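# Residue-level structure breakdown
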Number of protein chains: 4
Amino acid sequence: MAVRAAVAGASGYAGGELLRLLLAHPEVEIGALTGNSNAGQRLGALQPHLLPLADRVLEETTADVLAGHDVVFLALPHGQSAAVAEQLGPDVLVVDMGADFRLEDAADWERFYDSEHAGTWPYGLPELPGARAALEGSKRVAVPGCYPTAASLALFPAYAAGIAEAEAVIVAASGTSGAGKAPKPHLLGSEVMGSMSPYGVGGVHRHTPEIIQNLSAAAGERVTVSFTPTLAPMPRGILATCSARARDGVTAESVRAAYEKAFADEPFVHLLPEGQWPATASVYGSNAVQVQVAYDESAGRIIAISAIDNLTKGTAGGAVQSMNLALGLDETTGLSTIGVAP
Amino acid sequence: MAVRAAVAGASGYAGGELLRLLLAHPEVEIGALTGNSNAGQRLGALQPHLLPLADRVLEETTADVLAGHDVVFLALPHGQSAAVAEQLGPDVLVVDMGADFRLEDAADWERFYDSEHAGTWPYGLPELPGARAALEGSKRVAVPGCYPTAASLALFPAYAAGIAEAEAVIVAASGTSGAGKAPKPHLLGSEVMGSMSPYGVGGVHRHTPEIIQNLSAAAGERVTVSFTPTLAPMPRGILATCSARARDGVTAESVRAAYEKAFADEPFVHLLPEGQWPATASVYGSNAVQVQVAYDESAGRIIAISAIDNLTKGTAGGAVQSMNLALGLDETTGLSTIGVAP
Amino acid sequence: MAVRAAVAGASGYAGGELLRLLLAHPEVEIGALTGNSNAGQRLGALQPHLLPLADRVLEETTADVLAGHDVVFLALPHGQSAAVAEQLGPDVLVVDMGADFRLEDAADWERFYDSEHAGTWPYGLPELPGARAALEGSKRVAVPGCYPTAASLALFPAYAAGIAEAEAVIVAASGTSGAGKAPKPHLLGSEVMGSMSPYGVGGVHRHTPEIIQNLSAAAGERVTVSFTPTLAPMPRGILATCSARARDGVTAESVRAAYEKAFADEPFVHLLPEGQWPATASVYGSNAVQVQVAYDESAGRIIAISAIDNLTKGTAGGAVQSMNLALGLDETTGLSTIGVAP
Amino acid sequence: MAVRAAVAGASGYAGGELLRLLLAHPEVEIGALTGNSNAGQRLGALQPHLLPLADRVLEETTADVLAGHDVVFLALPHGQSAAVAEQLGPDVLVVDMGADFRLEDAADWERFYDSEHAGTWPYGLPELPGARAALEGSKRVAVPGCYPTAASLALFPAYAAGIAEAEAVIVAASGTSGAGKAPKPHLLGSEVMGSMSPYGVGGVHRHTPEIIQNLSAAAGERVTVSFTPTLAPMPRGILATCSARARDGVTAESVRAAYEKAFADEPFVHLLPEGQWPATASVYGSNAVQVQVAYDESAGRIIAISAIDNLTKGTAGGAVQSMNLALGLDETTGLSTIGVAP
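Residues numbered from 1 in each chain as written. Chains lettered and ligands numbered in written order. Predicted model: local features only at pLDDT ≥ 70, side-chain atom pairs only at ≥ 80, totals over all residues. Heavy atoms only, no water.

Put simply, the rule reads: UniProt positions are given in the numbering used here, feature names are shortened, and annotations may be inferred rather than shown by experiment.
Per an unreviewed UniProt entry, chain A carries the name N-acetyl-gamma-glutamyl-phosphate reductase and comes from Streptomyces phyllanthi. Under the heading Pathway (unreviewed entry), UniProt records this for chain A: "Amino-acid biosynthesis; L-arginine biosynthesis; N(2)-acetyl-L-ornithine from L-glutamate: step 3/4."

Here it is, written out as C-alpha cells:
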C-alpha cells in the first residue's frame, strides 16, 4: 500500500528537490502539488528537470486540496505552516520544511522571526542524541534548517563527548539555492559568479538560535555560537567550517574517537578517513554528509568540517529521512548516499 | 540472477559516472574495477562521491581480472579497447565507451585517429533509425561519442523526414568533464571559469566523421557537416545548436511533425512543448534528452537544439541503455529521466 | 580642458562599466549621474566596485540634470533615448547605448521593437568599412549591440572580400550581464551556473536585423542570417561562432589574407596567430577583440570566431571609442587591450 | 627617467598579474621576462590577455638576463629566490613575491618549509604598523602571502587597539588562481566548479606562521591563530572571515572606532559603511581591500571580514605598492581601486 504524499509549495527549490526524491521513493505515490502565484501552471515549465511530472498542474494551497493524503509536506515561506497544519487533522503526518516549529524557546522565535511562536515539533535531525526516538511514529516533524544541519552534525560529537569548551565559531559557505527562487538583484548570476560574500554577520542570521539549541542540548550547557554564513558561487552545497576550544587533556586520538563513536551506526554520515577532507561536490544531490575533524594543538582548537547538499540532506532529503522514521519505514528508503560528480 | 559487471577504467569521469548508474541498477552486481596508474588505490580517494564503493580497491586491467563477468565495460583511452576485447571471448557482452568501434569507414578512422581500424560494432544510440534492433541481443556495443549523441538526436529527424538539405552546421558547448580527468593547463578551474572558447575548429575534431555517419545514414545521402565544439564553464552538459537549410515546401508544421514522429515512442527524448527551450541544467545527471526545433523562415533554416548530460546520456547512461537492450532487459532499467536541479 | 560627461542610467551594468572606463580616461571628468528608481542612492551601494565614486549620489534623469555637459551617455531601456536626446541640443555629443538609433530600416525597427522608429545615427563600430569617417566629429552616436559587435567583426571581412556566400550562421554564447541587472527568475545564479541554454531562437532576437544590416553593407547585397544566442554560465564575455559558405575558388590563404587586410591597422582587433583560438577570458574587462578564422574545406565553409567582453567592447568600451572619434581625440584614449585573467 | 623592471617567472599567474599592472604603470618600462620550462615561448601563447606583450619571448632565468634593471621581481617557486637575489647586487631593488624572506623566525621557516632560512626582508604590507617606513627606500622587499594580506588587514586593527583577546579564528575562501598554474587533478575545472572544500586544516598551512607574526606584532603579545583555508569555485578573490574574543568593556562603538582609526589614511583599504559587507567581486582586478567589522555581543566576539583580489592586492598589486614606496614614488602610482564587476 503506497504512502500518498502531497507537497505544498512545489514550485520552489525545496519543493522541487523533494519531488525529485519522492519520485525515487519506492513506497510513495505523489498526490496533490500546490503553489500559490504559480497555481494553474504546468510543472514542466517550473521544474523542467522533473520530466515524469511535466504534465502535472499546480493547484492552490487549500485544506481541501491537501486532504486525503497520508503525508503532507509544507515547503512554504516562514510563518505560514501553522495555519495549514491546523486544518490537516492529527492523523496526517505533517512534515514542515519551514522554520515554524524548530525552536523550543518562544523568545528565540519572537526575537529572530518577529511573530508569534507556533510551537515545537520533533526535530528532524535523527543523528542528534535522542532525536531518532522522538521521530519514530510521530505525526509532526520540523525539518531542520540547512546550516543547522551542517553545523550541528560537525560539532555535536565534540559536545556530546565533553571535549569542547562551550564556545563555537562557525563559518559556512552555501550555494545560492539556499536563498530561494524569488528573484533578487544580489542573487543574479552576474552578481554571484566569481564572488564570495558574507551576510547575516554578527549573530543575526535566523539559523543562529537553532544551532545554539542543538549544540547546547548535546553539551548539557549553553553553548555560545559565532555563526557567519557566506554565499558561494555554486548552486548547491554547504561547507561548514566549525571549531571550538578543546578542553584540557584532549588529544588527537580522543577527538577522533568521539567522532567515530558518534557516527558509528549512522547510514548517512561518512566520517572520512584521516587525511581526506569534505567537498560539497562529493555530496551533490546525495543525502550523505561528509565529516572530518582535526585537533590543532598549536591553536588549542578542535576543527570539524562538514559538507552537505543544502537541498538534499539540508532540506528535502532530511525531510524524507524523517518521514521514513515517522512512518515506520527503513530510515534510508528512497535516499541515496551517491553524489553526482564531477 | 544478477548481471555481473566489470569496469575497466574506473578512476576516470566516464568510469565514475558508469559506477554511479550501475549502483542504482536493480539487475547489476558490480564486479571487478580496474585502473592502470591508479591500481591499488581505494576508490574512496578517487571517486569520493561513490560512498558505497569507497572501500573497493582498483585492480590492474588484465584479462584475468576481467574474466568471469557477464558484462565488461571498457572506459579506456582510444585505441586500447580492441586488445582487451579480444581476450574476453564471444559470449561476454563488451560495451566499449571509447571510440574504437564507432566508425564504419576505416579510412575515416585512420585519418582522424591515426592508427589501424579495429572494426565496427553495433552503435549504441537506439533512437537512430534501425539502431535498436541491431543492439538487441548483441554481444558487442560501441557507445557513441558525447557530441555525436547530442547532435545526431537533434538533427536526424529532419534528415529522416527528408525536410533538410544535406548540409548541417553544428555548434556545441560542452562542460569540462568531456575533456577528461588528466590534468592539463587549459582545463584548470582558473582557466575555464568565466571563459568560453572553441577548439578543434574547421572539421578536425574526431567526432566529426561520427556525426556525418549518423546524419548521412538518416538522410540516405552524404551530409556535409560543419562542426565546432566549444568549452563552457560548467562541469557537465552539452548544448548542441544545429541547423540545416530547409528543403522547398517546408513549413513550421511539417518540421514539428517530423520531430514528433521521430520521438513519439522514445523513453529518453523529450521534445519540449513549443516555446520552451532546452537547458543543460534540466538534464544534469539524467539520461533524458531535451530537444526543441524551430523553422526560421527568414533564414530558410531548421534550427534544432538538444541538451544532454555528456557523462550520462552522452556516455555512461547511453552505455547502460544499450546494455539493457543487449541483455534483453527493459531499455529503461536503472536509468532516470530526472535531473538534479538547480 | 576636460571633457565633462554625464551618464544617464548609472546604476545598471552598462552604466557601471562606462563609469569604470571613464574613471581611467585622462580627458574626461565625470559629471552628473542619474538613475530613476535608484535616484537618491549612493553609488557605493549600487556599484561597490567603483570605489572612487562611492559617495556620489544618483540624480533623476531630467534635461536640467543632464544640461551643461560636453557628452551625455544614455544607458536607458530601449525606446527612452529619443525623448531625452531631443532636449539636449545639437551641440552636445549624445552617445546612445540603447538600440533606438541603430537600425536604418524603420520597418525593421517596428517589427522587432514594436514602436515608432526614432531615426538613425552614425553607427559606433569604427572597424566596419566607412564607419570611422562617419563618427569623426559627429554629435550623435548609436552604440552597437553586443552580439552585432562580436558577429559583425567576425564575419564582415569575409563579405568585404567577396569570399563568402550571402548566408551566414551565427551561434553566440553570452555571459549573463548581457541580460541586465533587473532580477528575473531565469537569471538567478542558481539557474545559470552549470547551465547552457538558448533563447530568442529562430531569428526573433532583436539583434538579428542589426547583424544583417552590418553584413549586408559589407557584402553589397542582402545577407541572410541565422542567429542563435545562448546564455553561458559566466558574468561577462561573448564568443561568436560564425560561418558562411565559401565562394568557389576560396583557399585557406585567401581567407587568411582577407582577415589580415581587414584588421591590419585596427588597434583593438587582434587576429590571432594561426593555431590559437579566441577565449572570452583573454578579453575580460578589455576593449580588445580576439578573432580567428579557418577554412573548412570538407564542409566548404569559412569559420570565423570572435571573443569580446560584452560590457567593454560590446557596450561601454565601444561607446568610449566612438566618443574619442567624435571628439577628435585619439581613438584609443583611455581604453585598454589588456584583459584581467585568469 | 623610466624604471626598468625585469620579471623572473613571467609565465605563471603571479607573473602575469604583475605584468598586467606594470603595463599600466606610468613610470615603469618592462625589461627582461624569464621563465624556465617556458623559455623560448611567445608570451602571447602563455598570457593571451596581455595583448601588448604578445610578441615578447621568455628568456631563461639567469643573472645575466636579469642584470641591468632597476627592479627585479621574483615570481619563483618557494626556496629559489635567495640564490637569484644574491647575484643581483645590493643596488638593485629586488621584490620577492615568494615566501622566502617573509618570516622573522628561522624555526618557523624550517618547520613549515623544511629548508634553511634565507633571511628576513622588509615586509610589503605597508598598512601594518611600522611597515611603511621600513619599505621606503629599501632595496629588498618580501611580498606577503595572499591569505596573510587578507587576514592581517582584517584583524590587526583590533589587536593594535587592544580590544581583542590573543586568540583568533580565521576561515578564508580563495579563488583557484591562488593554487597556481601547474596542472593538478584537484584543480581541474571539473573538480572545482560547484564545490567548496578545505585544505591545510589544523594549522598546517604555510601561511599560518606569517599571520601569527603579523597579528602578534600588532598585539604586542603572541596571538594564537586557528586558520582554515578553503578553495572556492572562482578564479580570483579571497574572503577572509576572522574573529576574536572581545576584551571586557568593548562596545560596537569602540570596535568601529578602532577600525576607522587604523584605515583613516589608507589609500587602498576601504572600511565599508555600516550595513554593507565585502564581496570579492567588488575588488576583482583591483588593489582595493574591502573591510567590515561587527561586534557580536551575544557571542562576545569581534567579527572582521575582508575581501581582496588574491592576485592583485594579495600578490602583484602589493608588490607594486611596495616597489613604489621603495623607489620613492607615490604609493598609489599605477594602481587602481576600481574593480571589474559584474
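### Details of the pattern of salt bridges
The line we're drawing: When a carboxyl oxygen of Asp or Glu lies within 4 Å of a side-chain nitrogen of Lys or Arg, that pair is called a salt bridge. Strands are runs of DSSP state E lasting at least two residues, helices are runs of H or I lasting at least four, and both sets are numbered from the N terminus onward. Whether a residue is buried, partly exposed or exposed follows from its accessible area with a 1.4 Å probe, protein chains only, as a fraction of its type maximum: under 20%, in between, or over 50%, in that order.
In this structure the tally under the stated criterion is 65 salt bridges over all chains. Between Glu221 of chain B and Arg247 of chain B there is a salt bridge whose closest N-O contact spans 2.9 Å. Taken together, the residues Glu221 of chain B in the loop between helix 9 (208-219) and strand 9 (224-231) and Arg247 of chain B in the loop between strand 10 (238-246) and helix 10 (252-263) connect sequence positions 26 residues apart. Relative accessible area serves as the criterion here: at 30%, Arg247 of chain B is assigned to the partly exposed category. Between Glu165 of chain C and Arg247 of chain C there is a salt bridge, with the nearest N and O atoms lying 4.0 Å from each other. Here Arg247 of chain C lies in the loop between strand 10 (238-246) and helix 10 (252-263) and Glu165 of chain C lies in strand 7 (residues 164-174), a separation of 82 residues in the sequence.

### Things to note about the sheet that holds strand 6 (residues 140-142) of chain A
Residues and elements named next belong to chain A. The line we're drawing: Pairing between two strands is assigned when DSSP locates at least 2 bridges connecting them.
With parallel pairing, six strands are arranged side by side in an open sheet as 3-2-1-4-5-6. The open sheet has two edge strands, strand 3 (59-60) and strand 6, and neither has a second partner. Where strand 1 (residues 3-8) meets strand 2 (residues 28-35), five bridges bridge the pair, whose relative direction is parallel. Residue pairing across strands places Ala5 opposite Ile30, the latter belonging to strand 2.

### Observations concerning the environment of Leu103 of chain D
Residues and elements named next belong to chain D. In plain terms, the rule: Any pair of residues with heavy atoms lying within 4.5 Å of one another is described as a contacting pair.
Its place among the elements puts Leu103 in the loop between strand 5 (93-96) and helix 5 (106-113). For Leu103 and Ala118, which are 15 residues apart along the polypeptide, the C-alpha to C-alpha distance reads 9.5 Å. Ignoring anything within four residues of it in the chain, the contact list for Leu103 reads Asp108, Trp109, Tyr113, His117, Gly119, Thr120, Pro209, Glu210 and Gln213.

### Looking at the relation of the copies chain A and chain D
Put simply, the rule reads: A least-squares superposition brings the copies together, and it is based on the C-alpha atoms of residues with pLDDT no lower than 70 in both.
Superposition of chain A onto chain D requires a rotation of 180° combined with a translation of 0.0 Å along the rotation axis, giving an RMSD of 0.0 Å. Look at the turn and shift together and you get a two-fold axis relating the two. A high fraction, 100%, of the interface residues of chain A reappear at the interface in chain D, so the copies pair face to face through one surface.

### A few points about the packing of helix 7 (residues 146-160) of chain B against helix 10 of chain B
All names here are of chain B. Filter applied, for reference: Axes here refer to lines fitted to C-alpha atoms; in helices the fit is confined to the stretch in contact. Angles between the N-to-C directions go from 0 to 180 degrees. Oblique is the label for any angle not covered by the other classes, which are roughly parallel (under 35 degrees), roughly antiparallel (over 145) and roughly perpendicular (65 to 115). Definitions for this section: a left-handed crossing has its near helix turned counterclockwise from the far helix by less than a right angle. A right-handed crossing has that turn clockwise. Note on residue classes: Ala, Val, Leu, Ile, Met, Phe, Trp, Tyr, Cys and Pro are nonpolar, Asp, Glu, Lys and Arg are charged, and everything else, Gly too, is polar.
Remark: helix 7 packs on helix 10, axes separated minimally by 8 Å, with the N-to-C direction vectors making an angle of 115°. Considering their axes alone, helix 7 and helix 10 lie roughly perpendicular with respect to each other. By crossing handedness, the relation of helix 7 to helix 10 is classed as right-handed. Along the contact surface, helix 7 presents Leu153, Ala154, Leu155, Phe156, Pro157 and Ala158, while helix 10 presents Ala258, Tyr259, Ala262 and Phe263. The class makeup of the residues in the contact of helix 7 with helix 10 is 10 nonpolar, no polar and no charged.

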